[in-house]
Amino acid sequence: MLLIVVAVFLIRGAFQPPWATAFKPLSSEGSLTHRQITEMAILRKTAEVCRDLAIAEGQDFELTIDNTLTVFAVEQACSELNSLQSTHDFQSAITSTYYSNAAVDVDHIHPEQHCDAEKIREAQQLITDGLKSVKINIDKESYDSARNSLGKICHTLQDFYSHSNWVELDKSVPFSKLINRDAIIDNIADTNTKTCRNCNGDNCNDNILPELKEKNLLTSGYFGVFSSSKPEGKCSHGGKSDLTSFEEPTGGINKDEITSSHGIYHKRAADLAISATMELLEDIRLAKGNQAFLQLVGMNKTSVLAFVIDTTGSMSDDIEEAKRVSFNIIDSRIESVEKPSEYILVPFNDPDFGPLIKTRNAENFKKAISLLKANGGGDEPEMCLSGLELGISMYMYLALAMAPPYSDIYVFTDAGAKDFGLESTIRAMIEWTKSRVNFMLTKVFSLRKRRHVSRSQRSSTRMSRSGMQLYRDLADVSGGQAIEVTKSTLSQATTVITDSSASALVTVLQVVRNPATAEHFSFVLDSSLSNVTLYITGVSPVFTLYNPTGASQSGSVKDGPLGSIQTVGNLWRIKLNSKNQKGVWGISINSASPYTIKIRGQSYFNFFFTFVGSEGLHGDLVPKDNRPISGGNGTLFLSVTGGELITVTDVLLVEASGSNTVNGTIQSLGGSDYLIHLQRIPEWPFVVQLKGLLNDLNGSSLGQFQRQSSTQQRASSIKITADSQSTLKPGIPLNVNFTLTSKETKGSYIIRARNDRGFKVSFPSSLSGKAGGSTQGTATLITPSNTESGSDVTLIIEAEDQESADLNYVTLRLTVMAEITDVSKPVCEKVSIKADCPVVCSNASWELSANLNDGNGTGIAKVFINIGNGSLSTSQLMSEDGTNVTVAFYNASCCSPEVQVVAVDGVGHVGTCFTSIKKKFATNTSVKLSMAATFKFILLFIFVVFFMW
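Please read all numbers here as calculations on a predicted model, not as lab measurements.

Caption draft 1: Representation of the overall build of the protein chain within the structure. What the protein chain contains, in helices and strands, is 17 helices and 43 strands. Here the protein chain holds 949 residues, and the buried ones make up 57% of them. Counting only contacts in the protein chain whose residues sit at least 6 apart along the sequence, the fraction spanning at least 24 positions is 73%. Of the roughly 39000 Å² that the protein chain leaves accessible, carbon and sulfur atoms contribute 51%.

Caption draft 2: Focus on the pattern of salt bridges. In total, this model carries 41 salt bridges according to the counting rule given. D139 is the salt-bridge partner of K288, the closest N and O atoms lying 2.9 Å from each other. Pair noted here: K288 is in helix α7 (residues 266-288) and D139 is in helix α4 (residues 120-139), with a separation of 149 residues, a long-range link. A salt bridge links R360 to E141, with the shortest nitrogen-to-oxygen separation between them at 3.3 Å. Placement of the pair is R360 in the loop between β5 (357-359) and α10 (362-370) and E141 in the loop between α4 and α5 (143-163), with a sequence separation of 219 residues. The class of R360 is partly exposed, set by a relative accessible area of 25%. Residues joined in a network through salt bridges with shared partners are K45, E48, R51, D52, E282 and R285.

Caption draft 3: Quick look at the sheet that holds strand β35 (residues 807-816). In spatial order, the strands read β28-β35-β34-β30-β32; together these five strands make up an open sheet with mixed pairing. On the outer flanks of this sheet lie β28 (727-728) and β32 (766-769), each paired with one strand and no other. Taken together, the nine bridges between strand β34 (residues 792-801) and β35 define a ladder with antiparallel strand orientation. When the sheet's bridge partners are listed, L795 is paired in β35 with L812.

Caption draft 4: Focus on α4. Taking 1.5 Å of rise per residue, 20 residues should cover 28 Å, and α4 covers 29 Å from first to last C-alpha, within 8% of that figure. For α4, the buried fraction is high: 14 of the 20 residues fall into the buried class. Among the residues trailing α4, E141 stands out with phi positive, at a value near 60 degrees.

Caption draft 5: Summary view of the packing of aromatic side chains. Within the structure shown, the criterion is met by 18 aromatic pairs. Residues F611 and F686 carry aromatic rings whose centres are separated by 6.2 Å and whose planes lie at 75 degrees to one another, so their mutual orientation is edge-to-face. Taken as a pair, F611 in strand β18 (residues 606-614) and F686 in strand β25 (residues 686-695) lie far apart in primary sequence, 75 residues in all. Within the aromatic cluster, the residues linked to one another by ring pairs are F160, Y161, W166 and F175. Above the plane of the ring of W166 lies K171, whose end atom (NZ or CZ) is 5.4 Å from the centre. The ring of F327 has K366 sitting right over it, with the charged end atom 5.3 Å from the ring centre.

Caption draft 6: Quick look at the environment of S824. With respect to the helices and strands, the residue S824 is situated in the loop between β35 and β36 (827-835). On the basis of relative accessible area, S824 is assigned to the partly exposed category, the value being 32%. With 33 residues separating them in the primary sequence, S824 and G857 have C-alpha atoms 7.0 Å apart. Filtering out sequence-adjacent residues up to four positions away, S824 remains in contact with D182, D854, D905 and H909.

Caption draft 7: View of the state of the cysteines. Under the defined criterion, the tally for this structure stands at six disulfides. The residue that forms a disulfide with C50 is C78, at a sulfur-sulfur distance of 2.1 Å. Because the torsion about its S-S bond is 115 degrees, the bridge between C50 and C78 counts as right-handed. Here the residue C50 occupies a position in helix α1 (residues 34-56), and C78 occupies one in helix α2 (residues 71-78), the gap between them amounting to 28 residues. Disulfide partner of C837: C894, at an S-S distance of 1.8 Å. In this structure the cystine formed by C837 and C894 twists about its S-S bond by roughly -75 degrees; its chirality is therefore left-handed. Note that C837 is positioned in the loop between β36 and β37 (845-853) and C894 in the loop between β40 (884-893) and β41 (898-905), a separation of 57 residues in sequence. Here C837 falls in the buried class, since its relative accessible area comes to 4%.

Caption draft 8: Representation of unusual backbone geometry in the model. Cis geometry marks the peptide bond from E248 to P249; its omega dihedral reads -5 degrees. Tracing the backbone shows P249 in the loop between α6 (210-215) and α7. Backbone torsion omega between N514 and P515 reads 10 degrees, so that peptide bond is classified as cis. In this structure, P515 sits in the loop between β9 (505-513) and β10 (519-525). For A117, which is not glycine, the phi torsion reads 55 degrees and is therefore positive.

Caption draft 9: Representation of the sheet that holds strand β17 (residues 595-602). Reading across from one edge, β9-β17-β11-β15-β14 is the order of the five strands in this open sheet, with antiparallel pairing throughout. At either end of the open sheet lies a strand with only one pairing partner, and these are β9 and β14 (563-568). Averaged over all adjacent pairs, the angle separating strand axes in this sheet is 15 degrees, with direction ignored. Of the pairings in the sheet, the one linking β14 to strand β15 (residues 571-576) comprises six bridges and is antiparallel in character. Of the residues in β15, the one forming a bridge with T567 is W572.

Caption draft 10: Main features of the nonpolar core. In this structure, F90, L150, F160, Y161 and L218 are the most contacted members of the largest nonpolar core, which totals 57 residues. Every element with two or more residues in this core is listed here: α1, α2, α3 (88-107), α4, α5, α7 and α8 (290-296). In terms of residues, this core owes the most to one element, α7, which gives ten residues. Beyond its immediate stretch of four places on either side in the chain, L150 contacts T97, V134, L280, L281, I284 and L296. Counting 28 residues, the second-largest nonpolar core is a separate cluster that includes I309, L345, F365 and V485.

Caption draft 11: Seen up close, the confidence of the model for the protein chain. Of the residues in the protein chain, 85% reach a pLDDT of 70 or more, and the chain-wide mean stands at 84. A low-confidence stretch, residues 1-21 stays under pLDDT 50, and its non-local contacts, those more than four residues away or across chains, total 47 contacts. Counted against residues more than four places away or in other chains, residues 919-937, with its pLDDT under 50, gives 28 contacts.

Caption draft 12: Examining the pairing of strand β21 (residues 646-655) more closely. Of all ten residues in β21, seven are buried, a share of seventy percent or more. Taken together, the nine bridges between β21 and β25 define a ladder with antiparallel strand orientation. The residue bridging V648 from the neighbouring strand is G692, located in β25. Note: β21 against strand β22 (residues 661-663), three bridges, orientation antiparallel. The residue of β22 that forms the bridge with L652 is N663. Joining the antiparallel neighbours β21 and β22 is a turn of five residues.

Caption draft 13: Layout of the pairing of strand β42 (residues 910-916). Two strands pair when backbone bridges link them, and β41 and β42 are joined in this way by seven bridges, in the antiparallel orientation. Bridged to A903 within β42 is G911.

Caption draft 14: Up close: the packing of α4 against α7. Their axes nearest at 11 Å, the elements α4 and α7 cross at an angle of 40 degrees. One element, α4, and the other, α7, form an angle in the oblique class. The handedness of the crossing between α4 and α7 comes out as right-handed. On the side of α4, the interface is formed by L131, V134, K135, I138 and D139, while α7 contributes L280, D283, I284, A287 and K288. Here the contact of α4 with α7 is composed, by residue class, of six nonpolar, no polar and four charged.

Caption draft 15: View of the side chain of N187. Secondary-structure assignment places N187 in the loop between α5 and α6. Taking relative accessible area as the criterion, N187 reaches 13% and is therefore assigned buried. Of the polar contacts made by the side chain of N187, one reaches the backbone oxygen of N216; its length is 2.9 Å. Every residue in contact with N187, bar those within four places of it in the chain, is listed here: N216, L217 and L218.

Caption draft 16: Summary view of the environment of L877. For L877, the position within the fold is in strand β39 (residues 871-878). The spatial distance from the C-alpha of L877 to the C-alpha of N851 is 9.7 Å, given a sequence separation of 26 residues. If sequence neighbours within four positions are ignored, L877 has contacts with T883, N884, V885 and V887.

So, how was this worked out
- Residues numbered from 1 in each chain as written.
- Predicted model: local features only at pLDDT ≥ 70, side-chain atom pairs only at ≥ 80, totals over all residues.
- Heavy atoms only, no water.
- Helix = DSSP H or I, 4+ residues; strand = E, 2+ residues; numbered from the N terminus.
- Buried < 20%, exposed > 50% of the residue type's maximum accessible area, 1.4 Å probe, protein only.
- Contact = heavy atoms within 4.5 Å.
- Areas by Shrake-Rupley, 256 points an atom, 1.4 Å probe, with all protein chains shown as cover.
- Salt bridge = Lys/Arg side-chain N within 4 Å of Asp/Glu carboxyl O.
- Pairing = 2+ DSSP bridges.
- Expected span 1.5 Å × (residues − 1).
- Phe/Tyr/Trp six-rings, centres within 6.5 Å; stacked < 30°, edge-to-face > 60°.
- Lys NZ or Arg CZ within 6 Å of the ring centre and 35° of its normal.
- Disulfide = S-S within 2.5 Å.
- Axes fitted to C-alpha atoms, helices over the stretch in contact; angles between N-to-C directions.
- Core = buried A, V, L, I, M, F, W, Y, C linked by side-chain atoms within 4.5 Å.
- pLDDT = per-residue confidence, 0-100.
- Parallel < 35°, antiparallel > 145°, perpendicular 65-115°, else oblique.
- Left-handed = near helix turned anticlockwise from the far one by under 90°.
- Nonpolar A, V, L, I, M, F, W, Y, C, P; charged D, E, K, R; others polar.
- Polar contact = N/O pair within 3.5 Å; in protein donor to acceptor, adjacent residues only side chain to side chain.

Okay, here's the thing in structure tokens:
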């Protein structure tokens, strides 16, 4: 593949190539983008699901479902009454789906991925293959991977309506064949069929030949950046960067925005793209059920309880405390909206780790943690980082990757880490997931293995000290805490675990000072915050807390006017009094040793961010899966949850262990989304801080607002990119090509490639680079042939400068997909309808009988009613040709005249039967619909007539 290097233009403050050829990320006013189309489809479909669930439970649902929906409104309408729920997970899921949608414009330039060049059948295959991937990911509860696949196929699906002539054919409903693999698309203009004529100057409104509409033929535009070649008489995509549009027939037919060649059709194309995306989402909902769908869109969630536990011989007390605190959280919240949504357990020993437990069933988790026993070990320090790497990296099976980003993971150990080679990978995973790693450290590690001679003991002690410092460093980087206590006081420290399992947690301020400095910190508490708690870790810090009225409380006062203070080990936990919290607070602190301060509370309102770039053939705002480049400019995509009530005034990069800042320029994208343009990405580690005003529903200000990210980010002078790939097949090697670029002098780079499944991966151990130039390498990942389809693999490729130790990485999330031969959806044949319904429905009833079969496919997996409130029963029989048939019998009141029977096969294909009886035409007779019976009747009729004649 040619390496495309092109100039980019600065448009509205964000970099975007001049040839962007999809619904554009920063379109002209009045145009809709892929981001808006994707978000609106998810909002509307989610609201529909919540409405259906509410109606089924006899509850009211008053939200109007249209294109004016907001994330906050849907979240509130779908949430349980009086529950404190943040829109963070919901909005993050939508954004994640959009990110993978946007990536298609950067990483995938083939025409079928954009429905260009009449590659519509090929696009159908891409969409349906991706749909299978989504459903398999859901089966494995790999929801992040499912969103990744979903976003990609949404892009291709949405591009069909912008790039083809579907709208120009006067179609008013989505082209459903695109999401059905067994549907035959036989009306595409062939190679020899001319489709366009020259535009009339800049007016291309009537350039599609009328014969296409007369014959109902589909076409889509050709596009070329480096070549103007296209088949004779074919339409072009259009636009200044499309060289084919300057060749006859000139002009184009795209509807990407209102200023495009066919911009007059943009709104209709965008509306159809929304409807088509909703149809795709409905197929997923029918196949996997309402609860799985809500999990996919980030609606079903609270918090994750994730433990990484040392099970070596001296850990008995710690394991018992982990059991106690986890059982207490589970039992006290079993019926609460704050009950954990997932439970993750990673036990580790020396030198092994596992087995790994991930479940949504609280009783299964309790059973697994009950079986933990301390045994073995003694050769301190332990392989803790191996367990931690798995706990952070392994998506779905392991703690962080399986848990949503921004989760808290708790590590219980009494020994320092000795596998230091994994530190860079752990840091990369922390930055990527933005999750917090917290260490519960009990101070007996120096007592293990006293039988060693003094030299060995001294060596072990040095190892322990450096290992414990590594824990502190990782906690600081992640925004977690390293809490050091004795075994007898561990139970007092685990209150922080109970704190972090609450829903809708936000960080107001977090600072690290290493080395320590005497300093005064100000922070703002707004009226939406509740249960505000301060955490300080350090050795004998001296501090004083000040509230907005000027009242103060010394750290030596356990119960004072501002809050109650609990001290255990190196942890100070200050629970603020619930009254008079709003306003500017302060804390003055002095310490002889390093310390951290964290301030958290519960609130609807938070934010999340990702560094983005706009590059590639089509251009869009695509997240960076690595560190940004230091010294240059950069862009943050930032979303404020509950953003309709927040006025953002400042977004800053704040030095993680200092007072330096970089201010960003704020560009609103509408709703709660912003682009933050930064003139310089600093070399020092930083966090992101957001300031603004909180408003009421009428737009009146309720005072200042402040939030901060917890996880530290850092930049690099090395740029590393990799081929985008989302699937791999069992037993077949996958080659991942990657490129290194450095703005510094030439150097030698240490290369590392790791994956969270332990699959074999080969890669060059080092590469040599040149200043300002690029160096290529390949990592080859081999998946065992017996790997289950739907399994996730996270591959991290790292490059470290041997001289400066500067490091960058790229992360790839892959899904193992075995070849699926079942491409057909179940077929529903209505056998009979028996209706005896008067005009007034009264107590009368009606019946439907239908046969459902999957032919030679994977078989019918489930049958259910999607529309209707009657009763359904099923039975099995064998047809004459040897295939299994599911017989469905439905009975309902005449007051419920409609039914949709849904059949789902083993790979998630959906087949439906919809029937509606019209009461005013009801009779006392049975209406037979069996095709075979009808055919026999016709033959008999013909025979009788012929005989009489």
